[in-house]
Number of protein chains: 2
Amino acid sequence: MTPIDYINDNFDRIKEDYKELLAIPSISTDPAYAHDVLRAANWLAAKMREIGLMPELIAMPEGRHPVVMGTWDGAGPDAKTVLIYCHYDVQPASIEDGWHTEPFTPTEVGDRIYARGATDSKIHVMANLSAVEALLANGGCPVNIKLVFEGEEESGGETISALVDQHPERMRADICVISDGSILAPEQPSIIYGLRGIVTMELHIDGPQADLHSGHWGGAVHNPAQALAEIIAKLHNDDGSVAVPGFYDDVRALDDSEREAMRANTDWLAEEYGTLVNPPTEWGEPGYSIHERTGARPTLEINGISGGYTGAGFKTVLPSHAMAKISCRLVPDQDPEDIIRKVSGYIAQLTPPTVRSRITDLDYGRPALLLAREGSAIQAAAAAYETAWGKPVIFERAGGSVPIAYDLEKISQDMALLSFSYKGGGAHSINEHALVPMLYKGIITAITFLQAIAE
Amino acid sequence: MTPIDYINDNFDRIKEDYKELLAIPSISTDPAYAHDVLRAANWLAAKMREIGLMPELIAMPEGRHPVVMGTWDGAGPDAKTVLIYCHYDVQPASIEDGWHTEPFTPTEVGDRIYARGATDSKIHVMANLSAVEALLANGGCPVNIKLVFEGEEESGGETISALVDQHPERMRADICVISDGSILAPEQPSIIYGLRGIVTMELHIDGPQADLHSGHWGGAVHNPAQALAEIIAKLHNDDGSVAVPGFYDDVRALDDSEREAMRANTDWLAEEYGTLVNPPTEWGEPGYSIHERTGARPTLEINGISGGYTGAGFKTVLPSHAMAKISCRLVPDQDPEDIIRKVSGYIAQLTPPTVRSRITDLDYGRPALLLAREGSAIQAAAAAYETAWGKPVIFERAGGSVPIAYDLEKISQDMALLSFSYKGGGAHSINEHALVPMLYKGIITAITFLQAIAE
Ligand SMILES: [Zn+2]
Ligand SMILES: [Zn+2]
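Residues numbered from 1 in each chain as written. Chains lettered and ligands numbered in written order. Predicted model: local features only at pLDDT ≥ 70, side-chain atom pairs only at ≥ 80, totals over all residues. Heavy atoms only, no water.

- Per an unreviewed UniProt entry, chain A is named M20/M25/M40 family metallo-hydrolase, and its organism is Phototrophicus methaneseepsis.

As structure tokens, this is what we get:
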């Protein structure tokens, strides 16, 4: 029997297993559910043993939610080792939040299965487990396997970082797969190959010793809220580009083929943009598409701003202080330290003698991550998606961060993100659900990936 | 005996009366003290009757704290009538706030009397009452008198406005005196002859439907906090002047003599500026002194600003909304409606197509008030101060508002502000106190004023 025939024969049972896992409220953010997180970990370890993997529960430091690791080295020392990362913990959920069904009573309606964790991220746990099961039950797997299921992705992820740092030998692999997140649409597979980095800081503007009466002093004292606005306004050029001198110096240019690929096939972005952004008037660095602006170009963003009296009614204060939270999204090859130096230097230079500025709460964050589209993992992933979906993938550079990628990058940069959920699946929201056909296609993708990567 | 000899003979008794009045906690902002406000009103009415005035308690609408009005028309129908306004209610106070003495146990230390209300504003009540007493006890007063003591200045002042509007005949006077506030320094008498007007509004900038993830969308969506800063930055020119087109069109120009007077003798301002403003680097409309900028030039001020996440830590949101509270201080002959129209029109014009702006919570406030320095009230006040203090007054245009002035202006524009407190007296703060020599000089000023104004 082929692994795919095996899945066809066993899919109903796999779906029932999936529901069993979904019924365990493995909420990692609430200590009251620690027992359930552990119950889910033991359920996974038992399943791993059943299909032929050697399971371990690893909690580092003691008392954290365990990583469940399942190892199989039957492909032999000359075969590649593939590490597949998923997470089995979930966000909190309660029917009072507005769910139509009990979040921990998995409910199948049409081709949907509703439950907390259905899309984020137990669909990935189940698809990869089932792919390994199908291979091991039908002549073995062509690569050695390390399934690494994290139990605290939603609550900090300390254990996995400690594992990578302190026990790199246990995590050693030739190829890493992060199976989490979502593809662009149920019928449109996609692969994220770039993630932006980030640095954050607070900008404080101090003026008079205390809030002044704006009647008594207005007109003769530089208002810190105004001065803050004047500085912020100078952080961007009129065309939307960042005005910090040298900000773009180290940015790795996009080559023509990548630009072309990023500009093709972006209906998904345009559609989402039109829904979220009002008015849907495009804004951003000139000469770049939305996909390039969000995925391949760095930004400087005001995440929060405050100063003076902002409650109900009016107090005519001339505030002594105003503050903005600022973050920069970074792209290859920008260096977080260098960017912080340039931004804070420019702000110091923009600060007029009439107020004082301070930069505090610096967080050097992380640099950007860009995986080679030509890497064997990404190429195998693309082929596998095309087999399962019957459609070529869209390559995506995403604007946010996937923290685990920065850990796993230390193990192997031959890495791919494999997602089997879709953006409408309600992750972190109410009525979270997975599409049954995506679970099926996900398993086929994972099987095909493991076969392709072995070659 | 002259009225001044009478004061010299009676000053100790007057000081004791003053302490008796200070011991009544006439806190108008807290209903728990309504009985004490009424007790103070009755104390004042009794004192008025004792010295020969006809007292009335007027509460409009019923249930508000009464105005205590004391009338004397013994100067005859051909003499002028002078209305003297003071307020006898006080701010709350508790020793727990950090007072060194019980706030309602008047305590004399050296030449200070500590008590809530000592400076704001029972010193004025006592000085004017005693001046009238001294005149009536020594040959009569050369003008008819209406003493109008308000009991809710600290809590809205409804009654006095209703009185002026609904019973103008009871308030009729040739000259109005507002006895409240403070002079520049204990040894430096001053007369405020100008007050700025005010309009207030909120500016809202709306962008995406909801807060977005700044990683996913940053760089492709105009950030409302940034857009707000960009708009605010354009409300002033680089030199500190207001950039709203037409903002200065109607501003009445200062004539050379007034400019010269305003520029002379401004050590008091420079000193306070140096204490409050840090760094003490001057800012404001070019070509004007601090006194002119705060008293005679209009402003546009950011009183508060908010948007996005401003709590502890960092949330990398791209906020959907940001807001600023804006006020303009007005000078003669700016029209509040016209200024609101110009500011909101300019903001609409500055708003880029990538966000939406809204102006809400418009308050048309009030126009500026400028009393003629040549008016008989101000001239008599200047002469009276010089007699009592032995020093010429400084004429001041103040930046804030004195709401009662806008009511009394309807009765007579021949008006003066007479203050016997000083700025360091702790009004609205802890350890409020009056200087005994200022109470004495205040009485002499009030006597001399009433004599001078009759001529
Ligand atoms: Zn999640
Ligand atoms: Zn007051």
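There is more to say, and it comes next.
## As for the overall build of chain A
Next up, step 1: On a plain count of helices and strands, chain A comes out with 14 helices and 20 strands.
Next up, step 2: Its C-alpha atoms give chain A a radius of gyration of 25 Å, within 12% of the compact-globule value 23 Å for 455 residues.
Next up, step 3: By its C-alpha atoms, chain A is 85 × 50 × 45 Å across when sized along the principal axes.
Next up, step 4: Counting over 455 residues, chain A shows a buried share of 61%.
Next up, step 5: Looking at chain A alone, contacts between residues at least 24 apart form 80% of all its contacts between residues at least 6 apart.
Next up, step 6: Accessible surface for chain A amounts to roughly 16600 Å². Of this, 49% is attributable to carbon and sulfur atoms.
Next up, step 7: Charged side chains in chain A number 35 positive and 64 negative. The centres of these two groups are separated by 3 Å. (Helix = DSSP H or I, 4+ residues; strand = E, 2+ residues; numbered from the N terminus. Rg over C-alpha atoms; globule rule 2.2 N^0.38 Å. Buried < 20%, exposed > 50% of the residue type's maximum accessible area, 1.4 Å probe, protein only. Contact = heavy atoms within 4.5 Å. Areas by Shrake-Rupley, 256 points an atom, 1.4 Å probe, with all protein chains shown as cover. Lys, Arg positive; Asp, Glu negative; His and termini not counted. Charge placed at Lys NZ, Arg CZ, Asp CG, Glu CD.)

## Section: the coordination of the zinc ion (ligand 1)
Residues and elements named next belong to chain A.
Next up, step 1: Within the first shell, the zinc ion (ligand 1) binds the protein through D120 (OD), E154 (OE), E154 (OE) and H428 (NE2), at distances of 2.0 to 2.8 Å.
Next up, step 2: Classification of the site at the zinc ion (ligand 1) as irregular follows from its 4 donor atoms and the range of 51 to 135 degrees in their angles at the metal.
Next up, step 3: Judged by relative accessible area, which is 14%, E154 ranks as buried.
Next up, step 4: Take H428: its relative accessible area is 47%, and that puts it in the partly exposed class. (Donors = N, O, S within 2.8 Å, 3.2 Å for Na, K, Ca; no water. Tetrahedral: all angles 85-135°; square planar, octahedral: opposite > 155°, others 65-115°.)

## Observations concerning the interface of chain B and chain A
Next up, step 1: Between chain B and chain A, the residue contacts involve 75 residues of the former and 75 residues of the latter.
Next up, step 2: Both faces combined, the contact of chain B with chain A buries some 5800 Å², and carbon together with sulfur accounts for 60% of it.
Next up, step 3: Taken together, the connections running from chain B to chain A amount to 0 salt bridges.
Next up, step 4: Between chain B and chain A we count 30 residue pairs in polar contact (both at pLDDT 80 or more) in total.
Next up, step 5: The element best represented in the side of chain B that touches chain A is strand β12 (residues 299–308) of chain B, accounting for 10 residues.
Next up, step 6: Classifying every residue of the side of chain B that touches chain A by side-chain character gives 31 nonpolar, 32 polar and 12 charged.
Next up, step 7: Across 5 bridges, the pairing between strand β12 (residues 299–308) of chain A and β12 of chain B is antiparallel. The residue bridging G308 of chain A from the neighbouring strand is G304 of chain B, located in β12 of chain B. (Buried area = accessible area lost by both parts, 1.4 Å probe. Salt bridge = Lys/Arg side-chain N within 4 Å of Asp/Glu carboxyl O. Polar contact = N/O pair within 3.5 Å; in protein donor to acceptor, adjacent residues only side chain to side chain. Nonpolar A, V, L, I, M, F, W, Y, C, P; charged D, E, K, R; others polar. Pairing = 2+ DSSP bridges.)

## A few points about the side chain of K15 of chain A
Next up, step 1: Here K15 of chain A shows up in helix α1 (residues 3–22).
Next up, step 2: Note on K15 of chain A: relative accessible area 12%, which makes it buried.

## Concerning the packing of α1 of chain A against helix α14 (residues 436–454) of chain A
Residues and elements named next belong to chain A.
Next up, step 1: Where α1 contacts α14, the axes come no closer than 11 Å and their chain directions differ by 135 degrees. Put simply, α1 runs oblique to α14. Taken as a pair, α1 and α14 cross one another with a handedness that is right-handed. Contacts between α1 and α14 involve P3, I4, I7, N8, F11, I14, K15 and Y18 on the former and, on the latter, V436, L439, Y440, I443, I444, I447 and Q451.
Next up, step 2: The residue makeup of the contact of α1 with α14, split by class, is 12 nonpolar, 2 polar and 1 charged. (Axes fitted to C-alpha atoms, helices over the stretch in contact; angles between N-to-C directions. Parallel < 35°, antiparallel > 145°, perpendicular 65-115°, else oblique. Left-handed = near helix turned anticlockwise from the far one by under 90°.)

## Digging into the UniProt feature "domain: Peptidase M20 dimerisation" (unreviewed entry) in chain A
Next up, step 1: Taking the UniProt record as the reference, the feature "domain: Peptidase M20 dimerisation" (unreviewed entry) is found at residues 193–353 of chain A.
Next up, step 2: This span, residues 193–353 of chain A, is 33% helix and 23% strand, and a straight line between its end C-alpha atoms measures 46 Å. (UniProt positions renumbered as here; feature names shortened; annotations may be inferred.)

## Examining the nonpolar core
In summary, soluble globular proteins display a tendency toward joint burial of nonpolar side chains.
Next up, step 1: One finds F149 and F449 of chain A to be the most contacted residues of the largest nonpolar core, which totals 103 residues.
Next up, step 2: Considering every element that reaches this core, the biggest residue donor is helix α3 (residues 118–136) of chain A, with 11 residues.
Next up, step 3: Each of domain 1 (3–195 + 369–454) and domain 2 (198–270 + 292–366) of chain A accounts for three or more of the residues forming this core.
Next up, step 4: Setting aside anything within four residues of it in sequence, one finds F449 of chain A in contact with V82, I175, V177, A377, A380, A381, A384 and L418 of chain A.
Next up, step 5: Grouped together as the second largest cluster of nonpolar side chains are 102 residues, Y6, I7, L163 and I411 of chain B included. (Core = buried A, V, L, I, M, F, W, Y, C linked by side-chain atoms within 4.5 Å. Domains from an automatic or database assignment.)

## A short note on the relation of the copies chain B and chain A
Next up, step 1: Rotating chain B by 180 degrees about the axis while translating it 0.0 Å along that axis superimposes it on chain A, leaving an RMSD of 0.1 Å. The symmetry that links the two subunits is that of a two-fold axis.
Next up, step 2: Of all interface residues in chain B, 100% are interface residues in chain A too; the two copies therefore contact each other through one and the same surface. (Least-squares fit on C-alpha atoms with pLDDT ≥ 70 in both.)

## Remarks on the coordination of the zinc ion (ligand 2)
Residues and elements named next belong to chain B.
Next up, step 1: Listed as protein donors to the zinc ion (ligand 2) are D120 (OD), E154 (OE), E154 (OE) and H428 (NE2); their distances from the metal cover 2.0 to 2.8 Å.
Next up, step 2: With 4 donor atoms in place around the zinc ion (ligand 2) and angles of 52 to 134 degrees between them, the coordination shape is irregular.
Next up, step 3: Along the chain, the residues that donate to the zinc ion (ligand 2) are spaced as D-x33-E-x273-H. In this pair, D120 is assigned in helix α3 (residues 118–136) and H428 in the loop between β19 (421–422) and β20 (433–435), connecting sequence segments 308 residues apart.

## Topic: the sheet that holds strand β14 (residues 321–330) of chain B
Next up, step 1: The 8 strands are arranged β15(A)-β10(A)-β14(A)-β12(A)-β12(B)-β14(B)-β10(B)-β15(B) in an open sheet whose pairing can be described as antiparallel. Across the chains shown, the open sheet's two edge strands, defined by having one partner strand only, are β15 (356–366) of chain A together with β15 (356–366) of chain B. Averaged over all pairs of adjacent strands, the angle between strand axes in this sheet comes to 20 degrees, irrespective of strand direction.
Next up, step 2: Taken strand by strand, helix α11 (residues 336–350) of chain A contacts β10 (197–206), β12, β14 (321–330) and β15 of chain A, and its axis lies near 165 degrees from that of β15 of chain A.

## So, unusual backbone geometry
Residue and element names in this part refer to chain A.
Next up, step 1: A cis amide bond links P332 with the next residue in sequence, D333, at an omega value of 0 degrees.
Next up, step 2: Mapped onto the elements, D333 comes out in the loop between β14 and α11.
Next up, step 3: You will see that D361, though not glycine, has its phi angle at about 55 degrees, which is positive.
Next up, step 4: Position of D361 among the secondary structure elements: in strand β15.
Next up, step 5: A positive phi is found at N431, a non-glycine position, where the angle reads about 55 degrees.
Next up, step 6: Under the relative-accessibility criterion, N431 is labelled buried at 12%.

## A closer look at the confidence of the model for chain A
Next up, step 1: When pLDDT is averaged along chain A, the result is 94; 100% of the residues meet or exceed 70.
Next up, step 2: Two numbers describe this predicted complex: its pTM, 0.88, and its ipTM, 0.88. (pLDDT = per-residue confidence, 0-100.)

## Digging into the pattern of salt bridges
Residues and elements named next belong to chain A.
Next up, step 1: Tallied over the entire structure, the rule returns 60 salt bridges over all chains.
Next up, step 2: Where D36 meets R39, a salt bridge forms, and the shortest distance between an N and an O atom there is 2.9 Å. With a gap of 3 residues between them, D36 and R39 both fall in helix α2 (residues 34–51), about one helical turn apart.
Next up, step 3: Judged by its relative accessible area of 13%, D36 falls in the buried class.

## Focus: α14 of chain A
Next up, step 1: Compared with an ideal rise of 1.5 Å per residue, which puts 19 residues at 27 Å, α14 of chain A spans 28 Å between its outermost C-alpha atoms and is within 8% of the ideal.
Next up, step 2: With 14 of 19 residues buried, α14 of chain A lies mostly within the body of the structure. (Expected span 1.5 Å × (residues − 1).)

## Re the domain arrangement of chain A
All names here are of chain A.
Next up, step 1: Domain assignment breaks chain A into domain 1 (3–195 + 369–454) and domain 2 (198–270 + 292–366).
Next up, step 2: On the domain 2 side, the residues contacting the 14 residues of domain 1 number 15 residues.
Next up, step 3: Here domain 1 meets domain 2 over a buried area of about 1300 Å², counting both sides, of which 53% is carbon and sulfur.
Next up, step 4: Contact with domain 2 buries surface across domain 1, with R373, I394 and R397 losing the most and accounting together for 42% of the total.
Next up, step 5: In this structure, the salt-bridge partner of E258 is R373, at a minimum N-O distance of 4.0 Å.
Next up, step 6: Inspection of the region where domain 1 meets domain 2 yields 3 residue pairs in polar contact (both at pLDDT 80 or more).

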